[in-house]
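Residue-level structural notes
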Amino acid sequence: MKLFRVITLALVLLTSVPLGVIGYILINSSADSIKTLTWELQQERADNAAQASSAFFENTIGDLDLLLSNFSVASMNLQQRQELLSLILQKRPELNIIAFYDVDGKSLPKLLAFDSNHILPSELSDHQTRAKGIRFTDESITFSAPYTIKRPARPAVSIAARNETAVFMAIEFNTGGIGFLGMELSLSSLQLRLDRVPGGDNSDMMLITDAGFIIAHKKGQTGTKFAADRLASLLADTVARPDPAHPGPRVSGARPVRMDENLEVLAAYSPLARPAWTMVSIEPLAQAYAASQKMTWQVVTVVLISLCVAIFLGVLFAFGITRPIRKLVSGALAIARGKFGTSLEIQTRNEIGELAHTFNYMSRRLLEYDQTNTELMASLERGYLETIRALANSIDAKDPYTRGHSTRVTNVAIALGKELGLDDEEIMLLRYGGILHDIGKIGIQETILTKTTQLNPEEREIIKSHSSMGEKIIEPIDFLAPVRTLVRHHHEWFDGSGYPDGLKGEEIPLGARIINAADTYDAVTSERPYQKAVDNPAAIKILKKLRGRQIDARICDTLIAIIEQRIAEGQIIPTDWEDEITHPT
């Protein structure tokens, strides 16, 4: 074994040390390059999305400029100006409201157009209020802060519900008494544009204002859903808004942003041409660096595979020496697990071979002893069963009306147990419990057991005592210890109204619940001094009444299914079930 370890370790060192050095160099030289490419790819996504969003505004502004440049608004009369506004509204579906205003932001009379099926008068008033806050600087086109409109449907006036984000856009005019052209621009189509932007399963995209207001948000299809509001606020001051102390052009870029202690993302940002909003592309840092991690794992995999090859060669070299010893160890473990008679095939002619021959002789002798002990245990078990059955017969002999009752209950209980999927050990406990469940009646006076008239309260309490008395009778017998709870509780009712302890539901041992069901079935299908025996269909009706009250519902349903099968086979009148007691194995 020492030589085996030396050879194996030498091969591992000779292979893993140079490969580890090469892998370390490859990882360090390539990781930074891959991360840089990742940042550039994320930035490209943000730039493309920003260009697509800017095109939305530029297309609208371009169409307006084309229309207005083809008409001399100053020379138009009132009707012509109204028609121009209506034409613009029809041509640009993203416009909700459009109107002419004077330089102070006051709406000009009758120079307003809007979609009457979509806009309420109160919303026109809000639009005119926003126009008064418009101020032009160096640009002839300016935008308000975006705002969200949420309005329930108005069925009475055929107005649908409204839930959208919009922005007030103004184009400076200063001609013919007109200060500027103001319009409400719906931003709903921006969301559709973001949804079409390709990305990974966990990627995200947001369009935000300088104040961190989210205008549009594309959530990843699967995986992590980013806390968009928190991320927008984190990026607003450092990304979307230029530094007031150092004014300059708005720029794009990318940087990691820690959302919380469990999540860090790579955020790439790109400003729109106008308005002054920012497109942000987001991806979990772990996913963004997946390529770098993949390369690292590939190098590690190569090293590990080489290491495995070295270990395999070392093992193969020492295999001829260690193989016989491993066989002896395996054989010894098999003997320890009870597989007597295990034989080893070792052909070597040395001390190990002699040890193997000795081991085989020992294994054969142990197998002979085990077979003898198995026969003795089977004989002892048969003796136990015969003794227990004799006890059950002595109980039945005290009451001629219940002769064979214990045997029948046992057979029904075993059939139930098998149908419920109990293992062999649990079936054996059912066999003992079924035979002994009424053993306590040995201590009950025959005058009470055979009484044909109704029992008085005192006699009824004496009868009830047979379950606890039966437990005490078998208490000194060690191997029947698991059966004691079955004997004691076989008269407990599922609803808690049974005896002797008033157990309820799952508190009652499963075996006791099964014996209770079997005992009930035999009681109603057997002749008693106080009742007539019923057939199988009538027994099913009685069992259904007791389902969930006296008998566990699952066990009751299983018993009914077995009885219905017997009825289908033509057994209307109950007949003896298979005598499981005579077949303990």
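Residues numbered from 1 in each chain as written. Predicted model: local features only at pLDDT ≥ 70, side-chain atom pairs only at ≥ 80, totals over all residues. Heavy atoms only, no water.

**Focus: the overall build of the protein**
Of regular secondary structure, the protein possesses 17 helices and eleven strands. Going through the 585 residues of the protein one by one, you find that 42% of them count as buried. Within the protein, counting contacts between residues at least 6 apart in sequence, those at least 24 apart form 61% of the total. Total accessible area on the protein is roughly 31,600 Å²; 56% of this is exposed by carbon and sulfur atoms. (Helix = DSSP H or I, 4+ residues; strand = E, 2+ residues; numbered from the N terminus. Buried < 20%, exposed > 50% of the residue type's maximum accessible area, 1.4 Å probe, protein only. Contact = heavy atoms within 4.5 Å. Areas by Shrake-Rupley, 256 points an atom, 1.4 Å probe, with all protein chains shown as cover.)

**Quick notes on the pattern of salt bridges**
On inspection of all chains with the given rule, the structure shows 16 salt bridges. With a closest N to O distance of 2.4 Å, Asp 63 and Arg 92 form a salt bridge. One end of the pair, Asp 63, is in helix 1 (residues 2-69); the other, Arg 92, is in the loop between helix 2 (78-91) and strand 1 (95-101), with 29 residues separating them in the sequence. Judged by its relative accessible area of 22%, Asp 63 falls in the partly exposed class. One salt bridge in this structure joins Asp 522 and Arg 408, with 2.5 Å as the shortest N-O distance. Linking Asp 522 in helix 15 (residues 510-524) with Arg 408 in helix 9 (residues 405-419), this pair joins segments that are 114 residues apart in sequence. In this structure Arg 408 comes out as partly exposed when scored by relative accessible area, which is 23%. Through salt bridges with shared partners, one network takes in Glu 123, Arg 151, Arg 162, Glu 164 and Glu 184. (Salt bridge = Lys/Arg side-chain N within 4 Å of Asp/Glu carboxyl O.)

**Points about empty space enclosed by the protein**
Applying the stated criterion across every chain, the model contains one cavity of 30 Å³ or more. Of the pockets and cavities examined, the largest cavity occupies roughly 30 Å³. Lining the largest cavity we find Glu 492, Phe 494, Ile 508, Arg 513, Asn 516, Gln 550, Ile 551 and Asp 552. Taken together, the residues of the lining of the largest cavity sort by class into three nonpolar, two polar and three charged. (1 Å grid on protein atoms, 1.4 Å probe; cavity = no way out; pocket = protein on both sides within 12 Å on 5 of 7 lines; lining within 4 Å. Points joined across faces, edges and corners; volume = space filled by probe spheres on them. Nonpolar A, V, L, I, M, F, W, Y, C, P; charged D, E, K, R; others polar.)

**Examining the nonpolar core**
Membership of the largest hydrophobic core comes to 41 residues, with the highest contact counts inside it found for Phe 57, Ile 98 and Phe 100. With eight residues, helix 1 is the largest single contributor of residues to this core. Apart from the residues within four sequence positions on either side, Phe 57 is in contact with Phe 143, Val 167, Leu 185, Leu 187, Leu 190, Leu 272, Arg 274, Pro 275 and Trp 277. Counting 28 residues, the second largest nonpolar core, distinct from the first, contains Leu 422, Ala 517, Leu 546 and Leu 559. (Core = buried A, V, L, I, M, F, W, Y, C linked by side-chain atoms within 4.5 Å.)

**Regarding the pairing of strand 9 (residues 253-260)**
Relative to strand 10 (residues 263-271), strand 9 is paired through seven bridges, and the arrangement is antiparallel. Bridged to Asp 260 within strand 10 is Leu 263. Hairpin geometry of strand 9 and strand 10 is characterised by an intervening segment of two residues between the two adjacent antiparallel strands. (Pairing = 2+ DSSP bridges.)

**Comments concerning helix 2**
The end-to-end C-alpha distance of helix 2, which contains 14 residues, comes to 20 Å, matching closely the 20 Å that a straight helix rising 1.5 Å per residue would cover. For helix 2, the complete set of buried residues consists of Arg 81, Leu 84, Leu 85, Ile 88 and Leu 89. Looking down the long axis of helix 2, one finds its buried residues gathered within 135° of arc, a one-sided arrangement. Turned more than 90 degrees from where helix 2 packs its buried face, Gln 79 and Gln 90 sit exposed. Capping the start of helix 2 is the job of one residue whose side-chain oxygen sits 3.2 Å from the backbone nitrogen of Gln 79: Asn 77. (Expected span 1.5 Å × (residues − 1). Arc of directions from axis to C-beta. Polar contact = N/O pair within 3.5 Å; in protein donor to acceptor, adjacent residues only side chain to side chain.)

**Remarks on the confidence of the model for the protein**
Across the protein, pLDDT averages 79, with 80% of residues at or above 70. Confidence, expressed as mean pLDDT per element, reaches its minimum in the protein at helix 5 (residues 228-240) with 61 and its maximum at helix 14 (residues 484-489) with 94. Of the regions scoring below 50 in pLDDT, residues 220-225 engages in twelve contacts with residues more than four places distant in sequence or in other chains. Across residues 244-248, confidence stays below pLDDT 50; counting only partners more than four residues off in sequence or on other chains, it has one contact. (pLDDT = per-residue confidence, 0-100.)

**Quick look at unusual backbone geometry**
Glycine aside, residues mostly have negative phi, and peptide bonds are mostly found in the trans state. Following Arg 274, the chain continues to Pro 275 via a peptide bond in cis, the omega torsion being 0°. Within the fold, Pro 275 resides in the loop between strand 10 and strand 11 (278-284). Looking along the chain, the bond that leaves Tyr 499 and enters Pro 500 is cis, with omega of 10°. Of note, Pro 500 is situated in the loop between helix 14 and helix 15. At Lys 110, a residue that is not glycine, the phi angle is positive and equals roughly 60°. Its relative accessible area of 63% is what places Lys 110 among the exposed residues.

**Focus on the packing of aromatic side chains**
Aromatic rings considered in pairs are described by the distance between their centres and by the relative angle of their planes. Taken as a whole and assessed by the stated rule, the structure comprises eight aromatic pairs. Taking 5.4 Å as the distance between ring centres and 15° as the angle between the ring planes, the aromatic pair formed by Tyr 101 and Phe 180 counts as stacked. Here Phe 180 lies in strand 6 (residues 178-186) and Tyr 101 lies in strand 1, a separation of 79 residues in the sequence. Phe 180 matches Tyr 101 in its accessibility class, with the two residues each being buried. Relative to Phe 479, the ring of Tyr 432 has its centre 5.8 Å away and its plane inclined at 85°; by these criteria the two rings are edge-to-face. Taken together, the residues span a long stretch of sequence, with Tyr 432 in helix 10 (residues 424-436) and Phe 479 in the loop between helix 13 (466-474) and helix 14 at a distance of 47 residues. Its relative accessible area of 6% is what places Tyr 432 among the buried residues. Phe 479 gets classed as partly exposed once you look at its relative accessible area, which sits at 31%. Ring-pair connections join several aromatic residues into one group, and the members of that group are Phe 56, Phe 57, Phe 143 and Trp 277. Between the NZ or CZ atom of Arg 130 and the centre of the ring of Tyr 147, over which it lies, the distance is 3.4 Å. (Phe/Tyr/Trp six-rings, centres within 6.5 Å; stacked < 30°, edge-to-face > 60°. Lys NZ or Arg CZ within 6 Å of the ring centre and 35° of its normal.)

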